Amino acid sequence: MKKIIMIMAVLIAAWQLNAAAPPPDFMKYLAPFDDCDACGCSANGGSMGFSSMLDNNFIGIRYFHQSYKSRDGIFNDSPWIDENFNTAQLWARVPVVNKLEIMALVPYHFHNREKPSGTQDVSGIGDITVMAFYTVFQTKNDTAQFVHRVQAGAGLKMPTGNYESDNNGSVNPSFQVGTGSWDYTLAAEYTLRNNRIGFNGVLNYIFKTENNKNYQFGDQFNYGGTLFYSLAAGQFTIVPQAGLAGEVYKSNKDYDEEVLLTDGDIFFGKAGVEVGYKDFSLGLNGMLPINQNLTGGRVEANYRWAVNLNYSL
């Protein structure tokens, strides 16, 4: 019961943030970020993953930063502008009953871009995601050389973030806090461990639906694999990690008609480290694009990084 109450508290806090207006001067310092569509707004973690290499079950905070540049216009000689997508996210992965875990992701986005006419900002609470993961298979022999775990998940993304249709007229339609739509997620996660060495792989597909402004972001497929190694240093556990990740986006639709140059794909290399001390862990991850084709080359990713602080349950 205590675990269920913790999840409810996270969700209720997010709804209260959405309902309560911040101080007038507060908004100008912020700009939104979901983790969606070719750069901005889906709030599910995407290729950053759903878990910690140290803690299977936790509650914590993580912060994402994504740096992009995009063409400010439709012509080849249109100037490039800088775009920064930022998200502060409450996340939790809590065991409820045997083999079943519930995950909640509650983001607050603040994005900005530097246009010739000045800085444009958007900010606010994003779309809340709730997922359930079921352990399909787990090695039961504690003395086994290789330990396997396979989990399948499904989830729902709620349109709690604000959606501004005017932003879709820009080169990057993902400059949003939310999609304005109810979206559905299927996920699978596989973990392999051999003493201190391990591998974590994740697949995630998001089915996007049409919002009340007749706009529909394209479905999104995320995948990633991470190798990690666990080191003991006194009371600390240090887990360096490296891997690859990718995202594939289908075309957006406006009034059920495909919007040109809104599909794309990107492939990343990533590296990071987590440090654990007692029930707490601190993680830092970075991602650099290896290959990309976003919105017909009119948007380019520079880098991503994330930091998280977790408490083990």
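Residues numbered from 1 in each chain as written. Predicted model: local features only at pLDDT ≥ 70, side-chain atom pairs only at ≥ 80, totals over all residues. Heavy atoms only, no water.

A few points about the overall build of the protein
Note the threshold: Comment: elements are numbered from the N terminus, with helices defined as DSSP H or I runs of at least four residues and strands as E runs of at least two. Relative accessibility thresholds used throughout: buried, under 20% of the residue-type maximum; exposed, over 50%; partly exposed, between the two (1.4 Å probe, protein chains only).
Of regular secondary structure, the protein possesses one helix and 17 strands. Taking all 313 residues of the protein together, 48% fall into the buried category.

As for the sheet that holds strand β9 (residues 215–216)
Convention followed: Pairs of strands are assigned from DSSP output, requiring at least two bridges between the strands.
As summarised here, the arrangement of the three strands in space is β9-β13-β14, forming an open sheet in which the pairing is antiparallel. Strands at the two margins of the open sheet, each flanked by one partner only, are β9 and β14 (257–258). Summarising the sheet, β9 and strand β13 (residues 253–254) pair through two bridges and their orientation is antiparallel. Residue pairing across strands places Gln-216 opposite Lys-253, the latter belonging to β13.

Considerations on the packing of aromatic side chains
Basically, it comes down to this: Geometry of aromatic contacts follows a simple scheme: Phe, Tyr and Trp rings, the Trp one being its six-membered ring, pair when their centres are within 6.5 Å, and the pair is stacked under 30 degrees between planes, edge-to-face over 60, tilted otherwise. A ring is considered to have a charge above it if a Lys NZ or an Arg CZ atom is located within 6 Å of its centre and within 35 degrees of its normal.
Evaluated as defined, the whole model comprises twelve aromatic pairs. The interplanar angle of 40° and the centroid separation of 6.4 Å between the aromatic rings of Tyr-205 and Phe-221 together place this pair among those described as tilted. Separated by 16 residues along the polypeptide, Tyr-205 in strand β8 (residues 197–207) and Phe-221 in strand β10 (residues 220–229) bring together distant segments of the chain. Grouped by ring-pair contacts, the aromatic residues Tyr-205, Phe-207, Phe-221 and Tyr-223 constitute a single cluster. Positioned above the aromatic ring of Trp-80, the side-chain terminus of Lys-69 is 5.0 Å from the ring centre. Taking NZ or CZ as reference, Arg-93 lies 4.2 Å from the ring centre of Phe-133, over its face.

Brief notes about the nonpolar core
Our working definition: Joining through side-chain atoms within 4.5 Å is the link that ties buried Ala, Val, Leu, Ile, Met, Phe, Trp, Tyr and Cys residues into a set, and such a set is a nonpolar core.
Membership of the largest hydrophobic core comes to 13 residues, with the highest contact counts inside it found for Tyr-68, Ile-266 and Leu-294. Counting only elements with at least two residues in this core, the list comes to β12 (236–249), β15 (264–277), β16 (280–294) and β17 (299–312). Formed by seven residues, the second largest nonpolar core is a distinct cluster that contains Trp-91, Met-103, Leu-105 and Ala-187.

Brief notes about the pattern of salt bridges
Just so we agree on the cut-off: Whenever Lys or Arg places a side-chain nitrogen within 4 Å of a carboxyl oxygen from Asp or Glu, that contact is recorded as a salt bridge.
By the definition in use, this model includes eight salt bridges. Arg-93 is paired through a salt bridge with Glu-101; the nearest N and O atoms lie 2.8 Å apart. Taking relative accessible area as the criterion, Arg-93 reaches 1% and is therefore assigned buried. Among the ionic pairs, Arg-93 bridges to Glu-189, the shortest N-O distance being 3.0 Å. One end of the pair, Arg-93, is in strand β2 (residues 80–97); the other, Glu-189, is in strand β7 (residues 183–194), with 96 residues separating them in the sequence. Of the two residues, Arg-93 and Glu-189, both sit in the buried class. Three or more residues are tied together by salt bridges with common partners; here these are Arg-93, Glu-101 and Glu-189.

Details of the pairing of β7
Of the pairings in the sheet, the one linking strand β6 (residues 147–157) to β7 comprises eleven bridges and is antiparallel in character. In the sheet register, Lys-157 faces β7, and the bridge partner there is Asp-183. Pairing analysis gives eleven bridges linking β7 to β8, with the strands arranged antiparallel. Paired with Tyr-184 across the two strands is Phe-207, which belongs to β8. Linking β7 back to β8 in an antiparallel pair, the connection comprises two residues, with Asn-195 at a positive phi of about 60°.

Observations concerning the side chain of Ser-67
Operational definition: We call two residues in contact whenever any of their non-hydrogen atoms come within 4.5 Å of each other.
Along the polypeptide, Ser-67 turns up in strand β1 (residues 58–71). Judged by its relative accessible area of 8%, Ser-67 falls in the buried class. Once residues within four sequence positions are removed from consideration, Ser-67 is found in contact with Glu-83, Asn-84, Glu-300, Ala-301, Asn-302 and Tyr-303.

As for a nonpolar patch on the surface
In plain terms, the rule: Like charges within 9 Å and nonpolar side chains (Val, Leu, Ile, Met, Phe, Trp, Tyr) within 5 Å are joined into patches, using only residues over 30% in relative accessible area that form no salt bridge. Exposure was quantified through the Shrake-Rupley algorithm and a 1.4 Å probe, taking into account, for residues, occlusion by the shown protein chains and nothing else.
On the surface, a cluster of nonpolar side chains totalling about 470 Å² of accessible area is made up of Phe-280, Leu-282, Leu-309, Tyr-311 and Leu-313. Listing elements by their share of the nonpolar patch, those giving two or more residues are β16 and β17. Mapping Leu-282 onto the fold places it in strand β16. On the basis of relative accessibility, which here comes to 48%, the residue Leu-282 falls in the partly exposed class.

Examining the environment of Asn-222
This is how the line gets drawn: Residues adjacent in sequence count toward polar contacts only when both atoms are side-chain atoms; beyond that, a polar contact is any pair of N or O atoms within 3.5 Å, and within protein one must be able to donate a hydrogen and the other to accept it.
Mapped onto the secondary structure, Asn-222 falls in strand β10. Asn-222 gets classed as buried once you look at its relative accessible area, which sits at 1%. When the C-alpha positions of Asn-222 and Leu-203 are compared, they lie 5.9 Å apart, and in sequence the two are 19 residues distant. Within the structure, Asn-222 has its side chain in polar contact with the side chain of Asn-204 (distance 2.6 Å). Side chain to side chain, Asn-222 and Gln-220 meet in a polar contact 3.0 Å long.

Section: the confidence of the model for the protein
To keep things clear, this is the line we draw: pLDDT expresses how confident the predictor is about each individual residue, on a scale running from 0 to 100.
Put simply, the protein has an average pLDDT of 84, and 82% of its residues get 70 or more. A low-confidence stretch, residues 1–45 stays under pLDDT 50, and its non-local contacts, those more than four residues away or across chains, total 139 contacts.

Some details on the pairing of β10
The pairing of β8 with β10 spans ten bridges and is classified as antiparallel. Its bridge partner lying in β10, Ile-197 is registered against Tyr-229. Here β10 runs beside β12; their pairing, made up of nine bridges, is antiparallel. Along β12, the bridge assignment pairs Gly-225 with Leu-244.

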